[in-house]
Amino acid sequence: MSKVLSKEFLQRWAPLIVLFSLCIIVSIINPNFLSVRNFARLATSSAAPLMLAIGVTFIIIMGSIDLSMEGVMAFCGASLAVVMLQFNSFVEWGFLAIPVAIVFGVAIGFVNGLIHVKLKIPSFLVSLGIGFSCIGLTMVMTGGVRVSASDKAFRLLLTERFFGFPLMVYVAFAALLLAYFIQKKTALGRNLYAIGGGEELAHASGVKVERVRIIAFALAGAFYALGAMFAVAQIGSVASNLGTGFMFVSITSVVVGGTALMGGIGGVWQTLVGVLIVAVISNGMVLVGLPTYIQEGVLGVLVILAVALATNRKAIQLVK
Amino acid sequence: MLEFKKVEKTFPGVRALKGIDFEIKRGEIVGLVGENGAGKSTLMKVIYGAYQHDGGEVLINGTPVVFRNPRDAMENGIGMVFQEQSLITNLTVMENIFLGFEAQFMKFGIINWRKMAQAACEQLKKVKLDVDPYTTTSELSFTQRQLVELAKVLTLEERVEGDLVILLDEPTSVLPRKEIELLFDLVRELRSRASFVFVSHRMDEVIELSDRIYVMKDGEVVDVVDSDGCDVDAIQHKMVGREIDKRYYREDKKHPYQQNKVLVETRNLGKEGEFSDVSLKLRAGEVLALVGTEGCGTEGVIRSIFGLDKPTAGELYLNGEPVRAFSAFNGVRSGVGYIPRERKIEGIVGGMSVVENMTLANMQDYSTWGVFKSGVERELAEQWVSKLSIKTATIDTHCGNLSGGNQQKVVLSKWRSAGAKIILLDHPTRGLDIGAKEDVYDMVREMCDDGCGVILIADTLEEALGLAHTIAVFKDGEIQKWFESGGDHQPDQYDLLHYMI
């Protein structure tokens, strides 16, 4: 019995243990890791991936997958910049660009979910297609050129610091709390777990499964838009490749954090841990001085390793 | 040739087979009958290697054997024709026939399809089925598939030295009469090559086809009779016979129902291929049992009442209102609760906690604008846990860790707390031990006292008779006969069985 318990305990807390061990290892190799500056750098670089990962966490809890984040991010980021350019300054109506971007994110997610549910096409394929279409739309919108987003007030997200951390870290944390609230305290959050744990049953309990699915994709879209906002604030300009690389990082983070791809298990706090693990590894590899091309390889190995460790092979007989 | 001596099989909490003695001689057709849950399927599973016996001996020609898996059993000449067919419908007929045994047609890892097709034709000839082995299985009719399945089992002939034993699990339940005749003729012809074990709910067929009949009840063989000159009545009495303990079903707590308060009414309700012309009424405080053999349409009726299936004919009224849109959501809103037979699949979400499972059907009651009111939900869950004495560490325990009986209580409280007044129970006590069963019976009585109506598909006839006020006997999707329990003429199990088969 105690053996079972300790195994469960390990499986549950493994991501956190891994995170701490990583921090210790990296700081031994390079003590600079433990500076406030480096932590701020870590947190800043995690803000955008965290938003994307949270968005896709909701979808994965439901047992589906969303691969549209790179495209949605590019589109929302570009519309943010373009709308901002229409106004003289961010403070004078320019701030409207943020809600516009979020609305676009929600709308794309809504369409994504609608097609997935109504035409009964696997979420994997719909979202992949939607993502590519969004990149195409972004190209059209920007004319293929880089759009600048250098408004000083907007970039306060990056430049204004409290206790050494940029403003966007705090905003990201607030968004995380909001996500946790949705997960824990709303019927929507509960329904996501019910669908992931037993869709048939949720349906037989009167849950409007199709509606919940569509709303979840729309919700994910909103978080992708927030991710886009942070990324744009960080870079100061937008091109259609804004989202490149984020799909892998966000899904890796969710899985490494311990949210099950089969659905029903996990949550946004796990995702935070996952994002931090990936960030520490990337950051650590830079501090240690590994070349970039090896870094990507390491992340690839990491995601397979994490799933291998987290999967309860006894409970699963077939894998497709 | 195949012999069982005092074979035992125990599952956690249930002794499914109690000292079974069973024998099949060469070329013999043995019938196996018994009520649902009598242990027939467990016995079959031990024979073809899906389960391993944990006591007694299984002998083949006098040598003790243990089949670790179905393939093991096959290598000893034992094959199974499944009731729920085991063919993979997107493969061709010949691929199905030789599934898992393709090696004989392979050279350097490449399959010689022509050779396989030839061999498949040989097998199909044995069952007199004239189809192209290259046909995709999904294009075949149900009967044809059954024959392909039989052909698949008959490949054992070439592969195995010695004699064959072929298990037929309810092969006739979905076949039209003419095709049953064909199947029977075929089986009789094949007995020169194999012995058969034949399981069926239809007594006349068992007597017609078998040489000897084993009668099972409660995990025991209660009788073995020769089919020559045997008596259907006598067998049926042996299948069900036991003194019914009135207290077991809480009959002292059975109160008359409210005549005038009709919760459910169906008028000539029908669904193509499942049931037809079903007219019934459920009143407050009533337990209405629908009985019949497996596949007689009762499950379809309650699924339609809940809204999971859409009937194709007739009308349904819930609380006097006609139902136009059939969906689970509308069912729940009209106060219907459905407790399906597979708890693990349709009853509880294993990964979710007790409280989360309990409130799944009525979250709107605990939330404003989709946000949970803190405390209210948990308070209610606590109340139900103590009211039904659900044995759980906390209300945050994962439901998957609870015992079957307690899971069942969680499911019941889910519907009760959602305010359901019409409770549909599909085999609510299947797989539960005695104590847990009694808890369920208690809950049924309490629900009736609270003004709920219960439609029950009982696990056994005994249970239906013990619990119900009214009993509708189904056969082939239609109501054959109504019985009132507790009147001047108390029906017994034999009365029901008579109309079922």
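Computed from a prediction, not measured in an experiment: that's the story for all the values here.

## A few points about the overall build of chain B
Okay, so step 1: Secondary structure assignment for chain B yields 18 helices and 24 strands.
Okay, so step 2: Relative to the 2.2 N^0.38 estimate, which gives 23 Å for 501 residues, the radius of gyration of chain B is 25 Å and therefore close to what a compact globule would have.
Okay, so step 3: Seen along its three principal axes, the alpha-carbon backbone of chain B occupies a region of about 70 × 55 × 45 Å.
Okay, so step 4: In chain B, buried positions account for 47% of the 501 residues.
Okay, so step 5: In chain B, the share of contacts with a sequence separation of at least 24, taken over all contacts with a separation of at least 6, comes to 69%.

## Some remarks on the nonpolar core
Nonpolar side chains in soluble globular proteins tend to be buried together.
Okay, so step 1: The biggest cluster of nonpolar side chains holds 172 residues, and the ones touching the most others in it are M51, M73 and A228 of chain A together with A289, V291, L424 and L456 of chain B.
Okay, so step 2: Take this core: its biggest share by element is 19 residues, from helix α10 (residues 209-235) of chain A.
Okay, so step 3: Composition of this core by domain shows at least three residues from each of domain 2 (247-335 + 421-500) and domain 3 (355-418) of chain B.
Okay, so step 4: What M51 of chain A contacts, discounting residues up to four positions off in sequence, is A172, A175, F223, L226, G227 and F230 of chain A.

## Description of the sheet that holds strand β3 (residues 29-34) of chain B
Residue and element names in this part refer to chain B.
Okay, so step 1: The mixed open sheet is built from six strands, whose spatial order is β6-β9-β10-β3-β11-β12. The open sheet has two edge strands with one neighbour each: β6 (78-81) and β12 (220-226). Taking the axes of each pair of neighbouring strands and ignoring which way they run, one obtains an average angle of 20° across the sheet.
Okay, so step 2: Sheet analysis places strand β11 (residues 212-217) next to β12, joined by six bridges and oriented antiparallel. Across the sheet, residue K217 finds its bridge partner in β12, namely E220.
Okay, so step 3: Across the sheet, helix α5 (residues 142-154) touches β6 and β9 (164-169), and the angle it forms with β6 is around 175°.

## Quick look at the interface of chain B and chain A
Okay, so step 1: Taken together, the contact pairs 22 residues of chain B with 20 residues of chain A.
Okay, so step 2: Counting residues per element, the ones that place at least two in the side of chain B that touches chain A are α11 (328-333), α12 (343-347) and β20 (371-372) of chain B.
Okay, so step 3: With four residues, α11 of chain B is the largest single contributor of residues to the side of chain B that touches chain A.
Okay, so step 4: Its residues assigned to classes, the side of chain B that touches chain A shows 14 nonpolar, six polar and two charged.

## Notes on the domain arrangement of chain B
Okay, so step 1: Per the domain assignment, the segments making up chain B are domain 1 (2-240), domain 2 (247-335 + 421-500) and domain 3 (355-418).
Okay, so step 2: One C-alpha centre belongs to domain 1 of chain B, the other to domain 2 of chain B; they are set 34 Å apart.

## What to know about helix α5 (residues 123-142) of chain A
Residue and element names in this part refer to chain A.
Okay, so step 1: With 20 residues, α5 should cover 28 Å at 1.5 Å per step; its first-to-last C-alpha distance of 28 Å lies within 8% of that length.
Okay, so step 2: Contacts from the buried residues of α5 go to α3 (69-86), α4 (97-118) and β1 (147-148).
Okay, so step 3: In the stretch just after α5, G143 is the one whose phi turns positive, near 65°.

## A few points about unusual backbone geometry
Okay, so step 1: Of note, the phi angle at F163 of chain A is positive, near 50°, even though the residue is not glycine.
Okay, so step 2: Secondary-structure assignment places F163 of chain A in the loop between β2 (161-162) and β3 (165-166).
Okay, so step 3: Positioned with a positive phi, N61 of chain B is a non-glycine residue whose angle comes to about 45°.
Okay, so step 4: Structurally, N61 of chain B can be placed in the loop between β4 (55-60) and β5 (63-64).

## So, helix α18 (residues 493-500) of chain B
Okay, so step 1: Among the residues of α18 of chain B, Q493, L496, L497 and M500 of chain B are the ones counted as buried. Within α18 of chain B, the buried residues cover an arc of 100° as seen down the axis, which keeps them to one side.

## So, the environment of A231 of chain A
Okay, so step 1: Take A231 of chain A: it is sitting in helix α10.
Okay, so step 2: The residues contacting A231 of chain A, other than those within four sequence positions of it, are A48, M73, G77 and L242 of chain A.

Parameters and conventions
Residues numbered from 1 in each chain as written. Chains lettered and ligands numbered in written order. Predicted model: local features only at pLDDT ≥ 70, side-chain atom pairs only at ≥ 80, totals over all residues. Helix = DSSP H or I, 4+ residues; strand = E, 2+ residues; numbered from the N terminus. Rg over C-alpha atoms; globule rule 2.2 N^0.38 Å. Buried ≥ 20, exposed ≤ 12 C-beta atoms within 10 Å, placed from the backbone. Contact = placed C-beta atoms within 7 Å. Core = buried A, V, L, I, M, F, W, Y, C linked by C-beta atoms within 7 Å. Domains from an automatic or database assignment. Pairing = 2+ DSSP bridges. Axes fitted to C-alpha atoms, helices over the stretch in contact; angles between N-to-C directions. Nonpolar A, V, L, I, M, F, W, Y, C, P; charged D, E, K, R; others polar. Expected span 1.5 Å × (residues − 1). Arc of directions from axis to C-beta.

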